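Chain residues, written in single-letter form:
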Amino acid sequence: MSITEMVASRSTCLRRRVGASLVKEKRILATGYNGAPAGLPHCEVVGCLRENSHIPSGTRHELCRGLHAEQNAILQAAHYGIPIAGSVLYCTNKPCVICAKMIINAGITEVIYGEGYNDPLADQLLEEAHVRIKRFEP
């Protein structure tokens, strides 16, 4: 989790720094942090769309320039052809419903998170898909 926290420090989000690491058999497969798509200006340069539009945390995830850390870790693995089925996702924050659906379809079997993030639908879908989820206990 300490490596995942270090990954989060690379985040360019003005509201919350989140990091994610995909691990299998004690090997890091891919990492991600929240920020704008590659090659596009980051929020620290152009401002926060969510903040400027007064969008409450945990709602309207689609109204943001950035991708979530979990999404970026999954996409990084796909970009480099790294199979992640059966891996464990370490994340500094509990996944939202959008990320939960990606986690399920990517074949990730367990999520270990640092901070809570209340999204009952994400919890329900992960449980239905038999993806283990637990809070990190140092």
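Student: Can you break down the packing of helix H4 (residues 69-79) against helix H5 (residues 97-106) residue by residue, with the values?
Tutor: Look at H4 against H5: their axes get within 9 Å of each other, and the N-to-C directions meet at 30°. Here H4 is positioned roughly parallel relative to H5, judged by the angle of their axes. Of the two elements, H4 crosses H5, and the hand of that crossing is left-handed. Each of Glu70, Gln71 and Ile74 in H4 lies in contact with H5, whose residues at this interface are Ile98, Cys99, Met102, Ile103 and Ala106. Among the residues making up the contact of H4 with H5, the classes are represented as six nonpolar, one polar and one charged.

Student: Go over the sheet that holds strand E1 (residues 19-24) with me, naming the residues and quoting the values.
Tutor: In spatial order, the strands read E2-E1-E3-E4-E5; together these five strands make up an open sheet with mixed pairing. Looking at the sheet topology across the chains shown, the edges are occupied by strand E2 (27-33) and strand E5 (132-135). Going across the sheet, the axis of each strand differs from the next one's by a mean of 20°, ignoring polarity. The sheet contact formed by strand E3 (residues 88-93) and strand E4 (residues 110-115) spans five bridges and is parallel. The residue bridging valine 88 from the neighbouring strand is glutamate 110, located in E4. The strands touched by H4 within the sheet are E1, E2 and E3, with E2 carrying the most contacts at an inclination of about 130°.

Student: Please give an account of the nonpolar core that cites residues and values.
Tutor: The biggest cluster of nonpolar side chains holds 20 residues, and the ones touching the most others in it are Ala20, Leu22, Ile74, Ile84, Leu89, Ile103 and Ile108. Within the residue set of this core, elements represented by two or more residues are E1, H4, E3, H5 and helix H6 (120-128). In this structure isoleucine 108 touches Leu22, Ile74, Ile84, Ser87, Val88, Leu89, Ile103 and Val131, once residues within four positions along its chain are discounted.

Student: Account for the layout of surface pockets, with residues named and values stated.
Tutor: To find leftover empty space, one rolls a probe the size of a water molecule over the atoms. Of the pockets and cavities examined, the largest pocket occupies roughly 460 Å³. Taken together, 26 residues line the largest pocket, and the ones lying closest to its centre are Cys13, Arg16, Asn34, Arg50 and His68. At the level of elements, helix H3 (49-52) and H4 are the ones that each hand at least two residues to the lining of the largest pocket. For the lining of the largest pocket, the residue count by class is 12 nonpolar, eight polar and six charged. By volume, the second largest pocket amounts to about 400 Å³. For the second largest pocket, the lining is made up of 16 residues, of which Thr31, Tyr33, Ala38, Asn72 and Gln76 are closest to its centre. For the lining of the second largest pocket, the secondary-structure elements that each account for two or more residues are E2 and H4. Of the residues belonging to the lining of the second largest pocket, the class tally is eight nonpolar, seven polar and one charged.

Student: So what's going on with unusual backbone geometry? Residues and values would help.
Tutor: Despite not being glycine, lysine 26 shows a phi value in the positive range, around 65°. Here histidine 54, not a glycine, exhibits a phi torsion of approximately 60°, which is positive. Within the secondary structure, histidine 54 is located in the loop between H3 and H4. Take histidine 54: its relative accessible area is 70%, and that puts it in the exposed class.

Student: Could you give an account of the packing of H5 against H6, naming the residues involved and the relevant values?
Tutor: Each pair of packed helices can be described by the angle between their axes along with the distance between the axes. Where H5 meets H6, the axes come as close as 8 Å, and the angle between the chain directions of the two elements is 15°. The pairing of H5 with H6 is recorded here as roughly parallel in orientation. When the axes of H5 and H6 are compared, the crossing they make is right-handed. Between H5 and H6, the contacting residues are Val97, Ala100, Lys101, Ile103 and Ile104 on the first element and Leu121, Ala122, Leu125 and Leu126 on the second.

Here is what the cut-offs are and how they apply
- Residues numbered from 1 in each chain as written.
- Predicted model: local features only at pLDDT ≥ 70, side-chain atom pairs only at ≥ 80, totals over all residues.
- Heavy atoms only, no water.
- Axes fitted to C-alpha atoms, helices over the stretch in contact; angles between N-to-C directions.
- Helix = DSSP H or I, 4+ residues; strand = E, 2+ residues; numbered from the N terminus.
- Parallel < 35°, antiparallel > 145°, perpendicular 65-115°, else oblique.
- Left-handed = near helix turned anticlockwise from the far one by under 90°.
- Contact = heavy atoms within 4.5 Å.
- Nonpolar A, V, L, I, M, F, W, Y, C, P; charged D, E, K, R; others polar.
- Pairing = 2+ DSSP bridges.
- Core = buried A, V, L, I, M, F, W, Y, C linked by side-chain atoms within 4.5 Å.
- Buried < 20%, exposed > 50% of the residue type's maximum accessible area, 1.4 Å probe, protein only.
- 1 Å grid on protein atoms, 1.4 Å probe; cavity = no way out; pocket = protein on both sides within 12 Å on 5 of 7 lines; lining within 4 Å.
- Points joined across faces, edges and corners; volume = space filled by probe spheres on them.

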